[in-house]
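# Topology and contacts: notes
As a plain string of letters, each chain reads:
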Amino acid sequence: MADMEVVDRVKSWLSWSWTWYLWALWLFLVVLLIYLLRTPLRVYENMNIVAMFLNTLTPKFYVALTGTSSLISGLILIFEWWYFRKYGTSFIEQVSLNHLGPWLGGVENNNNGNNNTNNSQNNNQQSVPECKVWRNPLNLLRGAEYNRYTWVTGKEPLTYYDMNLSAQDHQTFFTCDTDHSRPTDESVMQRAWRERNPQARIKAAHEALEKDPECATAYILLAEEEATTILETERLFKQALKVGEANYKKSQSTQHLGAHYEAIHRRDTNVCVYVRRRLAMCARKLGRVKEAVKMMRDLMKEFPMMSVLNIHENLIEALLELQAYADVQAVLAKYDDISLPKSATICYTAALLKARAVADKSFPFASCRFSPEIASKRGLSTAEMNAVEAIHRAVEFNPHVPKYLLETKSLILPPEHLLKRGDSEAIAYAFFHLPHWKRVDGALNLLHCTWEGTFRMIPYPLEKGHLFYPYPSCTESADRELLPAFHEVSVYPKKELPFFILFTAGLCSVTALLALLTHQFPEPMGLVAKTFLNTITSPFNFLVEKLEGVLPSNLWHQLTRL
């Protein structure tokens, strides 16, 4: 295998060098042909005419020329900057790679390179995680929360991409392949989940209830989108739970009769779990936190396999509201495992508990407020070292969260879906957990003093991580689709400005300066321009003189006689 790789590299190098050799040879032949045909082409006469034309130009022409160049380059700079801020890449660079690259042999090189990198790519596919979008376990209610925000501000907090993912989730949770035997769910509710217009969905849900008053999914849709208060939402969810539990008990007794009944039971289970989780969230929003905690614990105990909803994150947030830190630690001990997927809630809650140990007066060697100056003099205590390590671990997992917790970046309503380690997850976490960090005395101060030190531990460039996988490069594009347009997406790592933005900025500045100097000092700038042109053309004139000394003067006539 090693010998084959060496042979392939040698072949690719030879093909590359031969390609550039042919280009150089072609350019040399073109220059030589122009020189040989200088007499019939009247090259010297044309050059003299151009020189006379340039000498007759007034300084106003140069002012107009440089000013126009500055204006055009400035417009290109503005467009490039807008395109970079919106899409994270340079427009000129993208066009060059996509359209000019194949002309310059980029496709062939890529094809050759693919043969060498297939093995390494196959090995890395198992280790590098993809950017998967997850459902937000703490997502808000559309009617009672998202729509109220729209009524007050006139802004849409949810994107079409986010709502489309929710529609797909609802179709997966609340429908099954056997719904064609139930005309209410098939003809009405399945159409309702696919509708883009909220009013059409609500109308379809009411139509389904008219046909079948025991349609649990219709109550779910009305509770999510039509109800304008949490109390009204809770009332509709209780009606959905009453119907859903009855359907669940019926299907539970018949699930072993075949795949048809098993699919119905799976759908009824999803409905029952979803409604009970939403009722627990309503109780949490209405201040009945202990009741919400009990409902979540019962739900996790009765349906331990329903991990897709991440109910433990709802439980952690409710326990933090009760300041039941021992119970929170018990939940973390179960879910903060190396074999389980991590989240910002898991990592940052662990850091919060470690920071609380630093600020706890009953803890030995702890102080109420962490100070880097004092810590550097006396050294870090064990509790402070554990807290700093936990903060570094959390920041490496999601580096966007500290800006929201420290309130240096404004929060928005969290989306219905999030991207782990992305800006959307940071917003969803900080939106609900910022009060818990403020409640722990000194926790935000410790975070403020230590979180930036994480980036000194992460290798750069981000080819490998320190405690987690390398930070994925696809988070920015996915977050831009999940988050509304009025929010400035947080990007990590910070992208360097593309070359063409720097080039157009320099070109615009230089041409604008030349236009100003030419307008203010026309004669000196004219002399400078002539000197510059003479300096540029002097090597060419020297080369022409040497060629005339080597080649005979009547070479063209001798060639025409052949």
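Residues numbered from 1 in each chain as written. Predicted model: local features only at pLDDT ≥ 70, side-chain atom pairs only at ≥ 80, totals over all residues. Heavy atoms only, no water.

Looking at an unreviewed UniProt entry, one finds the protein named Protein ST7 homolog, with Branchiostoma belcheri as its source organism. Quoted verbatim from the Subcellular location (unreviewed entry) field of UniProt, the annotation for the protein is "Membrane". UniProt, in the comment section headed Sequence similarities (unreviewed entry), describes the protein in these words: "Belongs to the ST7 family." (UniProt positions renumbered as here; feature names shortened; annotations may be inferred.)

Tracing the backbone through its elements, the reader meets Thr-233 in helix α11 (residues 230-254). Judged by relative accessible area, Thr-233 falls into the buried class, the value being 0%. Thr-233 has contacts with Leu-141, Ala-144, Ala-223, Ala-227 and Cys-282, leaving out every residue within four places of it along the chain. (Helix = DSSP H or I, 4+ residues; strand = E, 2+ residues; numbered from the N terminus. Buried < 20%, exposed > 50% of the residue type's maximum accessible area, 1.4 Å probe, protein only. Contact = heavy atoms within 4.5 Å.)

Between α11 and helix α12 (residues 259-285), the least distance of the axes is 8 Å, while the angle of their chain directions is 155°. What the angle tells us is that α11 and α12 run roughly antiparallel. Between α11 and α12 the crossing geometry is left-handed. Counted by class, the contact of α11 with α12 contains 12 nonpolar, 7 polar and 7 charged residues. (Axes fitted to C-alpha atoms, helices over the stretch in contact; angles between N-to-C directions. Parallel < 35°, antiparallel > 145°, perpendicular 65-115°, else oblique. Left-handed = near helix turned anticlockwise from the far one by under 90°. Nonpolar A, V, L, I, M, F, W, Y, C, P; charged D, E, K, R; others polar.)

Let us now look at the pattern of salt bridges. Pairing of side chains with opposite charge becomes possible as their charged atoms draw close. Evaluated as defined, the whole model comprises 20 salt bridges. Here Glu-207 makes a salt bridge to Arg-191, at a shortest N to O gap of 3.5 Å. Of this pair, Glu-207 sits in helix α9 (residues 198-211) while Arg-191 sits in helix α8 (residues 183-194), and the two are 16 residues apart along the sequence. Taking relative accessible area as the criterion, Glu-207 reaches 28% and is therefore assigned partly exposed. Judged by its relative accessible area of 34%, Arg-191 is partly exposed. The network of salt bridges with common partners includes Arg-142, Arg-201, Glu-225 and Glu-416. (Salt bridge = Lys/Arg side-chain N within 4 Å of Asp/Glu carboxyl O.)

Turning to empty space enclosed by the protein, a few remarks are in order. On inspection of all chains with the given rule, the structure shows 5 cavities of 30 Å³ or more. Each pocket or cavity is described by its volume, and for the largest cavity that value is around 120 Å³. Around the largest cavity, the lining is made up of 16 residues, and of these Asn-136, Pro-137, Glu-313, Thr-345 and Leu-418 lie nearest the centre. Those elements that place two or more of their residues in the lining of the largest cavity are β1 (133-135), α16 (344-359) and α20 (423-439). Broken down by element, the lining of the largest cavity gets its largest block of residues, 4 residues, from α20. Per-class residue counts for the lining of the largest cavity are 7 nonpolar, 5 polar and 4 charged. There are two domains that each give the lining of the largest cavity at least three residues, and those are domain 2 (131-322) and domain 3 (342-496). (1 Å grid on protein atoms, 1.4 Å probe; cavity = no way out; pocket = protein on both sides within 12 Å on 5 of 7 lines; lining within 4 Å. Points joined across faces, edges and corners; volume = space filled by probe spheres on them. Domains from an automatic or database assignment.)

Here we take up the environment of Ala-205. Turning to its location among the elements, Ala-205 is positioned in helix α9. As a C-alpha pair, Ala-205 and Ala-218 span 13 residues in sequence and 4.8 Å in three-dimensional space. When neighbours within four sequence positions are excluded, Ala-205 is seen to be in contact with Met-189, Ala-218, Leu-221 and Leu-222.

The feature "transmembrane region" (unreviewed entry), as annotated in UniProt, sits at residues 20-41 and 61-84 in this numbering. Helix makes up 100% of residues 61-84 and strand 0%, with an end-to-end C-alpha separation of 34 Å.

A word on the nonpolar core. Core analysis: the largest hydrophobic core is formed by 94 residues, its most contacted members being Met-189, Ile-220, Phe-237, Val-275, Tyr-348, Leu-405 and Trp-437. No other element matches the 10 residues that α16 contributes to this core. No fewer than three residues from each of domain 2 (131-322) and domain 3 (342-496) sit in this core. Contact partners of Val-275, with chain neighbours within four places excluded, come to Ile-220, Phe-237, Ala-240 and Leu-241. By size, the runner-up hydrophobic cluster in this structure holds 6 residues, among which are Leu-140, Tyr-146, Leu-413 and Phe-432. (Core = buried A, V, L, I, M, F, W, Y, C linked by side-chain atoms within 4.5 Å.)

As a further point, take the packing of aromatic side chains. A full pass over the atoms with the stated rule returns 7 aromatic pairs. Taken together, a centroid distance of 5.0 Å and an interplanar angle of 75° make the contact between Phe-431 and Phe-432 edge-to-face. On the basis of relative accessibility, which here comes to 29%, the residue Phe-431 falls in the partly exposed class. On the basis of relative accessible area, Phe-432 is assigned to the buried category, the value being 14%. Over the face of the ring belonging to Phe-486 we find Lys-155, whose NZ or CZ atom lies 4.9 Å from the ring centre. Lying across the ring of Trp-134, Lys-420 places its NZ or CZ 4.0 Å from the centre. (Phe/Tyr/Trp six-rings, centres within 6.5 Å; stacked < 30°, edge-to-face > 60°. Lys NZ or Arg CZ within 6 Å of the ring centre and 35° of its normal.)

This next bit is on unusual backbone geometry. Comment: phi is negative for the bulk of residues other than glycine, and the bulk of peptide bonds are trans. Even without a glycine there, the phi angle at Glu-407 is positive, about 60°. Here Glu-407 is to be found in the loop between α19 (401-405) and β2 (417-419). Despite not being glycine, Arg-421 has its phi angle at roughly 75°, a positive value. Mapped onto the elements, Arg-421 comes out in the loop between β2 and α20.

On to the environment of Ala-216, then. As for its position among the elements, Ala-216 is in helix α10 (residues 216-225). Relative accessible area serves as the criterion here: at 6%, Ala-216 is assigned to the buried category. A C-alpha to C-alpha distance of 7.3 Å links Ala-216 and Leu-241, two positions 25 residues apart in sequence. Setting aside anything within four residues of it in sequence, one finds Ala-216 in contact with Ala-240, Val-243, Gly-244 and Val-271.

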